[in-house]
Amino acid sequence: PIRHLMLNTNGVRIAKSAEFAGRLAGYMPDFEVYLQFDSFEEGALREMRGEDMREVHEQALARLNALGISTTLVVTLKRGVNDHEIGKIIDFALTQPCVRGVTLQPVQHAGRTEQFDPARDRLTLTEVRRRILEQTRVFRPEDIVPVPCHPDALAMAYALKIGASVHPLTGLIDPQILIEGGRNTIVFEQDDSVRDGIFNLFATNHSPSSSVQALRDLLCCLPTIAAPADLGYANLFRVLIVQFIDAHAFDVRSVKKSCIHIVHPRDLRLI
């Protein structure tokens, strides 16, 4: 019962082929592109990807914007290479009509990590969060909160885009509701206790006649919930920090809470 499909890509095929990009648009609305977007600087891209990807990113985003394909910019972060660009990337993403958010992923010491020294190159979730607050004025400390399913490894901020305005939402939710949500999910709005908490919190901020509609509008802008015609998924903006576990960060207690799954190729078990 797959409800949402994500394509993880460096954007080369999208940039080069209008026909291919058009085919992707046919999978909307339950489809999203996870577009590799590590840096605006040639040196950082050559170090991390082996070539200058700036033109590819520009062309791919132009096609995705033109077709209205929901897109998340995915940033692999390496200390001293591109971690000074976090705020710039978030601010840029907010100006792109098709972009629904930014996912920040500090380098995991696995795979292609030549000359990676964890003592020198590793970034923690807390350090990434701190850089967001230092480099952009969009979010406040209370807006970037741990995700209940795995607070050691995931943090998230939601915001609502209305025209040129950005309205952070996460800080408006009682943090205890998020921390004690108890559900193995990164989609807060599917948790009944979180949804009830949002209703209870906002009910005191509106007149009886306006509170119900205002809260419906808020919930409709979150993923997987049907939105009204004038306010939808395009108004959602999400920043997610993902600290993938490696040998240096491995902790059995933490691993047992992980909500990142691998599908086993033989029997399709979710591990």
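Residues numbered from 1 in each chain as written. Predicted model: local features only at pLDDT ≥ 70, side-chain atom pairs only at ≥ 80, totals over all residues. Heavy atoms only, no water.

**Section: the overall build of the chain**
- Regarding its fold elements, the chain presents eleven helices and eight strands.
- When the 271 residues of the chain are sorted by exposure, 46% land in the buried category.
- Taking the contacts inside the chain whose residues are at least 6 apart along the sequence as the reference set, 69% of them involve residues at least 24 apart.
- Surface accessibility of the chain: about 14,100 Å² in total, with carbon and sulfur atoms responsible for 54%. (Helix = DSSP H or I, 4+ residues; strand = E, 2+ residues; numbered from the N terminus. Buried < 20%, exposed > 50% of the residue type's maximum accessible area, 1.4 Å probe, protein only. Contact = heavy atoms within 4.5 Å. Areas by Shrake-Rupley, 256 points an atom, 1.4 Å probe, with all protein chains shown as cover.)

**Some thoughts on the nonpolar core**
- Residues Leu 73, Ile 90, Val 102, Leu 104, Ile 132, Phe 139 and Phe 237 are the most contacted members of the largest nonpolar core, which totals 42 residues.
- In contact with Leu 104, other than residues within four places in its own chain, are Val 75, Leu 77, Ile 86, Val 128, Ile 132, Val 239, Leu 240, Ile 241 and Val 242. (Core = buried A, V, L, I, M, F, W, Y, C linked by side-chain atoms within 4.5 Å.)

**Considerations on the pattern of salt bridges**
- According to the stated counting rule, one finds 13 salt bridges in the structure shown.
- Of the charged contacts, one joins Asp 121 and Arg 120 as a salt bridge, the two residues approaching to 2.8 Å between their closest N and O atoms.
- Judged by relative accessible area, which is 47%, Arg 120 ranks as partly exposed.
- Residue Arg 140 is joined to Glu 142 by a salt bridge in which the shortest nitrogen-to-oxygen separation is 3.3 Å.
- Relative accessible area serves as the criterion here: at 39%, Glu 142 is assigned to the partly exposed category. (Salt bridge = Lys/Arg side-chain N within 4 Å of Asp/Glu carboxyl O.)

**Here we look at helix H2 (residues 18-25)**
- Regarding H2, the residues found buried are Phe 20, Ala 21 and Leu 24. All buried residues of H2 fall inside an arc of 100° around its axis, so they share one side.
- Looking at the packing, one finds that the buried side of H2 touches strand S1 (5-9), helix H1 (12-16), strand S2 (31-36) and helix H4 (54-67). (Arc of directions from axis to C-beta.)

**Observations concerning the confidence of the model for the chain**
- Within the chain, residue pLDDT values average 81, and 77% of them lie at 70 or more.
- In this model, residues 201-216 is a region of pLDDT below 50 whose contacts with residues beyond four sequence positions or in other chains number twelve contacts. (pLDDT = per-residue confidence, 0-100.)

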